[in-house]
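# Architecture and fold: a report
One-letter residues, chain by chain:
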Amino acid sequence: FAGIGATLWKRLSLGVQGNFSFGNLEKNYTQTFSDASYQGYEKGYVISLTGTNLKFGLQYDQPLGSKSSLTLGATYSLATNLRAYVNDVYQNKTDTLDRSSGLKLASELSVGLAYNYGDKFKIECDASFSDWNNTGMMIHNAFKGEKFTTTSQKSYRLGAEFVPNRNDVRYY
């Protein structure tokens, strides 16, 4: 990934991040028979997927006195169309056409709130939402026969941080 951010006004910041996603999906089929008069069957392929997307972020800091502040932030990641290269494992053939796979990575909206007390204490809560229903994974050949369904994802997180001495490298 690569990103850039800027402070627009004294307390408001904006950021943009570019991402490059990649990975492989491997699927193998084997059919064997207990009767030796029938020949078994093997087939498999590897799909290499790639995609790029953008993520936008916004953050606002509100001082709450001389030592504490409240930070509100949000990010939005655009959905990503994935490109595919298909390699037939058993026939040793590669489809080198760069083509749309019909698969997408879902868009994601995240929001968060943090309370900061000096440089020693912080408590945060975050929520993220993604809708994987229209990503094409339920109907794509790479996933046929698999027992899963896509759905909306919701994630909630709560955390705290305490740092007695920010400049101490041994006990951080």
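Quick look at the structure, then. None of the values given here were measured: they were computed from a predicted structure.

Conventions and cut-offs
- Residues numbered from 1 in each chain as written.
- Predicted model: local features only at pLDDT ≥ 70, side-chain atom pairs only at ≥ 80, totals over all residues.
- Heavy atoms only, no water.
- Core = buried A, V, L, I, M, F, W, Y, C linked by side-chain atoms within 4.5 Å.
- Buried < 20%, exposed > 50% of the residue type's maximum accessible area, 1.4 Å probe, protein only.
- Helix = DSSP H or I, 4+ residues; strand = E, 2+ residues; numbered from the N terminus.
- Pairing = 2+ DSSP bridges.
- Salt bridge = Lys/Arg side-chain N within 4 Å of Asp/Glu carboxyl O.
- Polar contact = N/O pair within 3.5 Å; in protein donor to acceptor, adjacent residues only side chain to side chain.
- Contact = heavy atoms within 4.5 Å.
- Phe/Tyr/Trp six-rings, centres within 6.5 Å; stacked < 30°, edge-to-face > 60°.

### Description of the nonpolar core
- One finds Y45, I47, L49, L82, A84 and L103 forming the largest nonpolar core, which totals six residues.
- Mapped by element, the contributors of at least two residues to this core are β3 (41–63) and β5 (80–88).
- Counting residues per element, this core draws most heavily on β3, at three residues.

### Observations concerning the pairing of β3
- Examined bridge by bridge, strand β2 (residues 12–31) and β3 share 20 bridges and lie antiparallel to one another. For Q31, the partnering residue across the bridge sits in β3 and is Y41.
- Pairing of β3 with strand β4 (residues 68–77), which is carried by nine bridges, proceeds in the antiparallel orientation. Among the inter-strand pairings, G57 is bridged to a residue of β4, identified as T75.
- Where β3 folds back on β4, the antiparallel hairpin that results is connected by four residues, among which G65 adopts a positive phi of roughly 125°.

### Focus: the pattern of salt bridges
- Applying the stated criterion across every chain, the model contains one salt bridge.
- Between K122 and E124 there is a salt bridge, with the nearest N and O atoms lying 3.8 Å from each other.
- Judged by its relative accessible area of 27%, K122 is partly exposed.

### A look at the side chain of S155
- Note on placement: S155 falls in strand β9 (residues 152–162).
- In terms of polar contacts, S155 uses its side chain to reach the side chain of R157, at 2.6 Å.
- Excluding residues that lie within four positions of it along the chain, S155 makes contacts with D126, A127 and S128.

### Considerations on the packing of aromatic side chains
- Here the structure, examined in full by the defined rule, presents two aromatic pairs.
- When the ring of F129 is compared with that of Y156, the centres are 6.0 Å apart and the planes differ by 80°; the resulting orientation is edge-to-face. Taken together, the positions of F129 in strand β8 (residues 121–131) and Y156 in strand β9 put the pair 27 residues apart, joining distant regions of the chain.

### A closer look at the environment of G136
- Secondary-structure assignment places G136 in the loop between β8 and β9.
- Note: C-alpha distance between G136 and T150 (14 residues apart in sequence) is 9.2 Å.

### Digging into the environment of Q59
- With respect to the helices and strands, Q59 occurs in strand β3.
- Given a relative accessible area of 36%, Q59 falls into the partly exposed group.
- Q59 sits 52 residues away from T7 along the chain, and the two C-alpha atoms are 9.1 Å apart.
- Beyond its immediate chain neighbours, meaning those up to four positions away, Q59 contacts R11, L12, S13, T71, L72 and G73.

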